[in-house]
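# Observations on the three-dimensional arrangement
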Amino acid sequence: MILIIDYGIGNLTSIANMLKKAGAESKISNREEDILKADKIILPGVGSFEYGMNKLKSLPSFTTLENEILNNKKPILGVCLGAQLLFKSSEEGNHPKGLGWIDGTIQKFRDQEFLAGEKIPHMGWNWVEKAKESKLLEGLDEQSRFYFVHSYHMMVNHPEDVLLKTSYGYEFVSAVEKGNILGVQFHPEKSHKFGLKLYSNFVNNY
């Protein structure tokens, strides 16, 4: 069973529908007993970093969630804001602290100097480039593309944690993988066949 963490923000139903298409049983919950029973976890999220962290850490089951990920090595996939929350901190808001499960920070797109006229937020379809081999990317070819909506992006301190890169004015990290901890900046649930394949890989390969 795949648990979609409900902390008040995110495309929960859209993710559940895509997981159903991938042949997976899923549940939307934040209860401790469901976290313990889950085989894998998805951390969704839309909106601001600081608000998301406050909502997530306010869950009575937060300590259980953290223990399952860090100590019991349960696979987790962060999606969009959920992926950003995996990092140590963000420039958004008052430089709030994140989970710190991935060594790095979240930075706003530098528009004037680097983007050469591109608009912020980065919104719409874009290609991804594989930085390393992964079970999450099995069967996805070099022409895979996903749907993005974001104004901030990942800055990763250890290159071995980088899974995918994308260019929007300049190159940025669009997915990470560190052991059982994975995160994607884009929305697989809005990315049609490419997103379905990625979710299928998470369901079947971890």
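Everything numeric here is computed off the predicted structure, so don't read it as measured data.

Along the polypeptide, Gln185 turns up in the loop between strand S13 (181–184) and helix H7 (192–205). Polar contacts involving the side chain of Gln185 include one to the side chain of Gln84, which spans 3.0 Å. The contacts of Gln185, once residues within four sequence positions are left out, are Cys80, Ala83, Gln84, Phe148, His150, Tyr152, His153, Met154 and Ser174.

In this structure, Pro121 follows Ile120 across a cis peptide bond, with omega equal to 10°. Position of Pro121 among the secondary structure elements: in the loop between helix H6 (111–114) and strand S7 (122–127). Its identity is not glycine, yet Lys73 carries a phi of approximately 60°, on the positive side. The topology assignment puts Lys73 in the loop between helix H4 (62–70) and strand S4 (76–79). Relative accessible area serves as the criterion here: at 51%, Lys73 is assigned to the exposed category.

Let's shift gears to the pattern of salt bridges. Pairing between side chains of opposite charge can happen when the charged atoms of each approach one another. For the structure shown, the criterion picks out eight salt bridges. Residue Asp103 is joined to Lys88 by a salt bridge in which the shortest nitrogen-to-oxygen separation is 3.2 Å. Of this pair, Asp103 sits in strand S6 (residues 102–108) while Lys88 sits in strand S5 (residues 87–90); the two residues are 15 residues apart in sequence, bridging distant segments of the chain. Taking relative accessible area as the criterion, Asp103 reaches 17% and is therefore assigned buried. We note a salt bridge from Arg110 to Glu91, for which the minimum N-O separation is 2.8 Å. One end of the pair, Arg110, is in the loop between S6 and H6; the other, Glu91, is in the loop between S5 and S6, with 19 residues separating them in the sequence. Overall, the relative accessible area of 32% leaves Arg110 in the partly exposed class. When salt bridges with common partners are traced through the structure, they connect Lys27, Arg31, Glu33 and Asp34 into a single cluster.

Assignment of secondary structure puts Thr166 in strand S11 (residues 162–168). Here Thr166 falls in the buried class, since its relative accessible area comes to 1%. At 3.3 Å, the side chain of Thr166 and the backbone oxygen of Trp127 are in polar contact. For Thr166, the contacting residues outside a window of four places in its chain are His122, Asn126, Trp127, Val128, Phe148, Glu171, Phe172 and Ser174.

The next subject is the UniProt feature "active site" (unreviewed entry) in the protein. In the UniProt entry, the feature "active site" (unreviewed entry) is given for Cys80, His187 and Glu189. Their sequence span is 110 residues, while the largest C-alpha to C-alpha distance among them is just 10.8 Å; these annotated residues converge on one region. Lining residues of the largest pocket, restricted to the annotated ones just named, are Cys80 and His187. Considering the arrangement of structural elements, one finds His187 in the loop between S13 and H7.

Further remarks concern the pairing of S4. Moving residue by residue along a regular strand, the side chains alternate between the two faces of the sheet. Residue alternation in S4 divides its side chains into two sets, Ile76 and Gly78 and Leu77 and Val79, and both sets are buried. Sheet analysis places strand S3 (residues 40–43) next to S4, joined by three bridges and oriented parallel. When the sheet's bridge partners are listed, Leu43 is paired in S4 with Gly78. With four bridges joining them, S4 and S13 adopt parallel strand pairing. Following the sheet pairing, Ile76 is matched in S13 by Ile181.

What counts and how
- Residue positions are given per chain, counted from 1 along the sequence in the order it is written.
- Per-residue local features are limited, in this predicted model, to residues with pLDDT of at least 70; the limit for side-chain atom pairs, both in listing and counting, is 80 or more; totals at the level of whole chains, interfaces and linings are taken over all residues.
- Only hydrogens and water are set aside when side-chain values are computed; all heavy atoms of the structure are taken into account.
- Comment: elements are numbered from the N terminus, with helices defined as DSSP H or I runs of at least four residues and strands as E runs of at least two.
- The term polar contact refers here to a pair of N or O atoms within 3.5 Å; inside protein, the definition further demands a hydrogen-donor-capable atom paired with an acceptor-capable atom, and it admits residues adjacent in sequence only when both atoms are side-chain atoms.
- Only heavy atoms matter for contacts: two residues are in contact if any of them lie within 4.5 Å across the pair.
- When a residue's accessible area, from a 1.4 Å probe over protein chains only, is under 20% of the maximum for its type it is buried; when over 50% it is exposed; and in between it is partly exposed.
- Only one rule defines a salt bridge in this text: a Lys or Arg side-chain nitrogen within 4 Å of an Asp or Glu carboxyl oxygen.
- UniProt positions are given in the numbering used here, feature names are shortened, and annotations may be inferred rather than shown by experiment.
- Any residue with an atom within 4 Å of a point lines the site, the site being either a cavity, points on a 1 Å grid over the protein atoms alone where a 1.4 Å probe fits but cannot get out, or a pocket, an open set with protein on both sides within 12 Å along at least 5 of 7 lines.
- In this scheme, strands are said to pair when DSSP sees at least two bridges between them.

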